[in-house]
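Structural overview
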Amino acid sequence: MTDSLTLPDGNWPVLEPGWVWLCGAGPGDPGLMTLHGINALRQADVVIYDALVEPAILDWAPQAEHVYAGKRGGKPSAQQRDISLRLVEMSRLGRRVLRLKGGDPFVFGRGGEEAQTLVQHGVPIRIIPGISAGIGGLAYAGIPVTHRDVNQSVTFVTGHDQSGEAPSSLNWKAIAQGSQVLVIYMGMKHAGQIAAALLDAGRAPDEPCAVVCAATTSDQQVLETDLAHLPADIAASGLEPPAILCIGRSVLMRQVLDWQTMMAGEEPRNTDPLGRGRPAQAS
Ligand code: SAH
């Protein structure tokens, strides 16, 4: 399926020996990979990829060695250091190294740390952004992270800190009061603590929430609930990470924009979930 894909004509960058490119693979659906990413996959001698990279994407690099550097959910950072140093070693061997990470490499993916280590060791790098799960994954669930009638801001939050605990340095009160829509990565484990902190800081118990699991993959599942019921509903659903939590009224838009269900022939549940009245007539 994949080897017939040709890049459009253009001046595509060359992955030279000794370079490391850090590339986002998007949230899952291989179609969300960028053209720069495909160009990189074609040239790499070695691809070091994470647990969240969809395996089909590696088919675009049949010539390369595929090295799994998987690590899920806030494990100790010693392992992270190993990965970074391995990238340094590979580059010093003169290999064309592609570091492939789920979503966007610079969004909660420790890509910044890896890139920093590479630069500190004098390794030349290129960064290829990707579609982050907190934006593209929600879009696949029919949830726009911004909508003029809902929010003028969105806050991306991690539900883990480096030790794997709920992040202690976050000012939940400020977040609760200052941010209209929250998009929480790695939030499943501590969903109870997060919901309690937000309720405690004054967010409404009936605030709409969605949990989007394995977003953009064929296993995508979406749970819709509200803040008061979020932890219990997650537990009852049996849903597993990876998942994005979205808290805010944008979740209501899924009632009209759940395009995957509509593609399967279902009508939208409600074409005006925010109660803004009839849309403008097309002329
Ligand atoms: N760099 C990645 C995020 C890495 S942190 C990005 O930009 O998307 C890992 C977390 O990302 C997971 O715990 C989960 O919260 C989220 N995530 C990544 N892929 C996902 C997917 N396909 N569906 C739902 N959540 C996903």
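Conventions adopted
Residues numbered from 1 in each chain as written. Predicted model: local features only at pLDDT ≥ 70, side-chain atom pairs only at ≥ 80, totals over all residues. Heavy atoms only, no water. Helix = DSSP H or I, 4+ residues; strand = E, 2+ residues; numbered from the N terminus. Rg over C-alpha atoms; globule rule 2.2 N^0.38 Å. Buried < 20%, exposed > 50% of the residue type's maximum accessible area, 1.4 Å probe, protein only. Contact = heavy atoms within 4.5 Å. Areas by Shrake-Rupley, 256 points an atom, 1.4 Å probe, with all protein chains shown as cover. Domains from an automatic or database assignment. Buried area = accessible area lost by both parts, 1.4 Å probe. Salt bridge = Lys/Arg side-chain N within 4 Å of Asp/Glu carboxyl O. Polar contact = N/O pair within 3.5 Å; in protein donor to acceptor, adjacent residues only side chain to side chain. Nonpolar A, V, L, I, M, F, W, Y, C, P; charged D, E, K, R; others polar. Pairing = 2+ DSSP bridges. Axes fitted to C-alpha atoms, helices over the stretch in contact; angles between N-to-C directions. Near = heavy atom within 4 Å. Parallel < 35°, antiparallel > 145°, perpendicular 65-115°, else oblique. Left-handed = near helix turned anticlockwise from the far one by under 90°. Core = buried A, V, L, I, M, F, W, Y, C linked by side-chain atoms within 4.5 Å.

1. Notes on the overall build of the protein chain
Scanning the protein chain from terminus to terminus reveals ten helices and ten strands. Expected size for 283 residues packed as a compact globule is a radius of gyration near 19 Å; at 20 Å, the protein chain falls within 12% of this value. Every one of the 283 residues in the protein chain was classed for burial, and the buried ones make up 47%. Excluding contacts between residues fewer than 6 apart, the proportion of contacts in the protein chain whose partners are at least 24 apart in sequence is 69%. Only carbon and sulfur atoms are counted for the fraction: they give 52% of the accessible area of the protein chain, which is about 13800 Å².

2. Comments concerning the domain arrangement of the protein chain
Examined at the domain level, the protein chain breaks down into domain 1 (16–131) and domain 2 (134–263). For domain 1 and domain 2, the distance between their C-alpha centres works out to 27 Å. At the junction of the two partners, domain 1 supplies 13 residues and domain 2 supplies 17 residues. Roughly 1000 Å² of surface becomes buried between domain 1 and domain 2 when both sides are summed, with 62% attributable to carbon and sulfur atoms. One can count zero salt bridges joining domain 1 with domain 2. Our count for the domain 1 to domain 2 interface comes out at three residue pairs in polar contact (both at pLDDT 80 or more). Class assignment for the residues of the side of domain 1 that touches domain 2 results in six nonpolar, three polar and four charged.

3. Things to note about the sheet that holds strand β8 (residues 208–213)
Ordered by their spatial adjacency, five strands build an open sheet running β6-β7-β10-β8-β9, and the pairing between neighbours is mixed. Two strands in the sheet have a free side with no partner beyond their single neighbour: β6 (154–158) and β9 (221–226). If you compare each strand with its neighbour and ignore which way they point, the axes differ by 20 degrees on average. As judged from the four bridges shared by strand β7 (residues 181–185) and strand β10 (residues 243–247), these two strands associate in the antiparallel manner. Its bridge partner being in β10, I184 is matched across the sheet by L245. In this fold helix α5 (residues 133–140) packs onto β6, β7, β8 and β10, with an angle of close to 105 degrees to the strand it touches most, β7.

4. Considerations on the sheet that holds strand β3 (residues 65–68)
Read from one edge of the open sheet, five strands run β3-β2-β4-β1-β5, paired in parallel fashion. Bordering the open sheet on either side are β3 and β5 (125–128), each of which pairs with just one other strand. Shown here is a sheet whose adjacent strand axes are inclined to one another by a mean of 20 degrees, direction ignored. Note: strand β1 (residues 20–24) against β5, four bridges, orientation parallel. Residue W21 lies in a different strand from β5, and its bridge partner there is R126. Contacts from helix α4 (residues 111–120) reach β1, β4 (97–101) and β5 within the one sheet, and its direction differs from that of β1 by about 170 degrees.

5. Considering the environment of V211
Here V211 is to be found in strand β8. Note: C-alpha distance between V211 and Q180 (31 residues apart in sequence) is 17 Å.

6. Overview of the site of the ligand
What surrounds the ligand is a group of 17 residues, the closest being P27, V107, S132, M186 and A243. The side chain of S132 places a nitrogen or oxygen atom 2.6 Å from an oxygen atom of the ligand. Considered on its own, the ligand offers 540 Å² of accessible surface; in the complex 93% of this is hidden by protein. Residue composition of the shell around the ligand, grouped by class: 13 nonpolar, three polar and one charged.

7. Things to note about the packing of helix α7 (residues 191–200) against helix α8 (residues 230–237)
The geometry of α7 relative to α8 is characterised by a closest axis approach of 8 Å and an angle of 160 degrees between their N-to-C directions. Classified by the angle between their axes, α7 and α8 sit roughly antiparallel to one another. Crossing of α7 over α8 shows right-handed handedness. Contacts between α7 and α8 involve A191, G192 and A195 on the former and, on the latter, L230, P231 and I234. Grouping the constituent residues of the contact of α7 with α8 by class yields five nonpolar, one polar and no charged.

8. A word on the nonpolar core
Judged by nonpolar contacts, the single largest core of 23 residues is most densely connected at M188, L198, V211, L230, I234 and L245. Every element with two or more residues in this core is listed here: α6 (172–178), β7, α7, β8, α8 and β10. If you tally residues by element for this core, the top one is α7, at four residues. Those residues in contact with L198 that sit more than four places away from it in its chain are W172, A176, L182, R203, L227 and I247. Counting 21 residues, the second-largest nonpolar core is a separate cluster that includes W21, I38, A40 and L58.

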